[in-house]
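Fold and contact review
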Amino acid sequence: MTSAPDSRLAPVVAAADVAADEADEAGAAPDASSAIAGGHCAHPAHPAVPRSAEDARALAARVNRIEGQIRGIGRMIDEDRYCVDVLTQVAAVQSALDALGMKLLEHHLHGCVAHAIESGDGAHAIDEALAVIRKFGR
């Protein structure tokens, strides 16, 4: 079942396309934060989420490790490596992505959701968090 695209996201998608095109021209991978003007979250109702420098560094290190693992899988495929070895690395990447997602979810629950509850918008924040948690269960 597919739903119609959310028209509120069109400017963000367009900005992401521009960022990807610019990165292609520069020979670099697009930076997700460059697609969002002014460093604000993509959804207009969601403010930017500040993280401590330590948390930001830890998340960046995780993402860099995952990127390296994915590049390694690409090399393994290019080198016609044994399927089980490649699949083992795919499982490792999935596990690393799950761990990254859990760290982000933990930050979201302790920060964004807690703040929403304190400010009286807890029901919406909880519903949104539950929807994201359900995606992890798929």
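The residue numbers shown here count from 1 along each chain, following its written sequence. Two thresholds apply to this predicted model, a pLDDT of at least 70 for residue-level local features and 80 or more for giving and counting side-chain atom pairs, whereas whole-chain, interface and lining totals are computed over all residues. Heavy atoms from the whole structure form the basis of all side-chain values; hydrogens and water molecules are not counted.

For the rest of this paragraph, the subject is the confidence of the model for the protein. What pLDDT expresses is the predictor's confidence in each residue, scored from 0 to 100. Chain-level statistics for the protein give a pLDDT mean of 76 and a share of 67% at 70 or above. Of all the helices and strands in the protein, helix H1 (residues 10-26) carries the lowest mean pLDDT, 40, while helix H2 (residues 53-78) carries the highest, 97. Strands are runs of DSSP state E lasting at least two residues, helices are runs of H or I lasting at least four, and both sets are numbered from the N terminus onward.

Further remarks concern helix H4 (residues 122-136). A helix is expected to reach a length of 1.5 Å times the quantity of its residues less one. Helix length check: H4, at 15 residues, gives a terminal C-alpha distance of 21 Å against a target of 21 Å (1.5 Å per residue), a fit within 8%. Note on classification: 1.4 Å probe, protein chains only; a residue is buried when its accessible area is under 20% of the maximum for its type, exposed when over 50%, partly exposed between these limits. Among the residues making up H4, those that are buried are Gly122, Ala125 and Ala129. Down the axis, H4 shows its buried residues gathered within 65° of arc, on one side only. Exposed side of H4, more than 90 degrees from the buried face: Ala123, Asp127, Arg134 and Lys135 are the residues found there. Directions pointing from the helix axis toward each C-beta atom define the arc.

A separate point is the nonpolar core. We define the nonpolar core as a collection of buried residues of types Ala, Val, Leu, Ile, Met, Phe, Trp, Tyr and Cys that are connected through side-chain atoms lying within 4.5 Å of one another. If you look at the biggest cluster of nonpolar residues, it comprises seven residues: Leu59, Ile66, Ile73, Met76, Val86, Val93 and Leu100. Residue assignment for this core shows that the elements contributing at least two residues are H2 and helix H3 (83-118). Ranked by the residues each element gives to this core, the list is headed by H2, at four residues.

What follows covers the environment of Val86. Note that Val86 resides in helix H3. As a C-alpha pair, Val86 and Met76 span ten residues in sequence and 6.6 Å in three-dimensional space. Contacts were defined at the residue level, with two residues in contact if any of their heavy atoms lie within 4.5 Å. Residues within four places of Val86 in sequence aside, it is in contact with Ile73, Met76, Ile77 and Arg81.

Axis definition: a line fit to C-alpha positions, over the contact stretch in the case of helices; interaxial angles, taken between N-to-C directions, run 0 to 180 degrees. Running from N to C, H3 and H4 point in directions that differ by 170°, and their axes come no closer than 9 Å. The angle between the axes of H3 and H4 places the two elements in the roughly antiparallel class. Seen from above, H3 lies across H4 with left-handed handedness. Together, Gly101, Leu105, His108, Leu109, Val113, Ala116 and Ile117 of H3 and Gly122, Ala125, Ile126, Glu128, Ala129, Val132, Ile133 and Phe136 of H4 make up the contact between the two elements. Taken together, the residues that form the contact of H3 with H4 break down as eleven nonpolar, three polar and one charged. Any angle between 65 and 115 degrees counts as roughly perpendicular, while under 35 counts as roughly parallel, over 145 as roughly antiparallel, and the rest as oblique. In this scheme, a crossing is called left-handed if the near helix is turned counterclockwise away from the far one by less than a right angle; it is called right-handed if the turn is clockwise. By the convention adopted, Pro, Cys, Tyr, Trp, Phe, Met, Ile, Leu, Val and Ala count as nonpolar, Lys, Arg, Asp and Glu as charged, and the other residues, Gly among them, as polar.

This part covers H3. Its 36 residues give H3 an end-to-end C-alpha distance of 51 Å, which sits within 8% of 52 Å, the value for a rise of 1.5 Å per residue. Two axes enter the definition of the bend at a residue: one is fitted to the seven residues ending there, the other to the seven starting there, and the bend is the angle between them. Residue His108 marks the point of greatest curvature in H3, where the axis turns by about 35°. The set of residues buried in H3 consists of Val86, Val93, Leu100, Gly101, Leu105, Val113 and Ala116. For H3, the elements touching its buried residues are H2 and H4.

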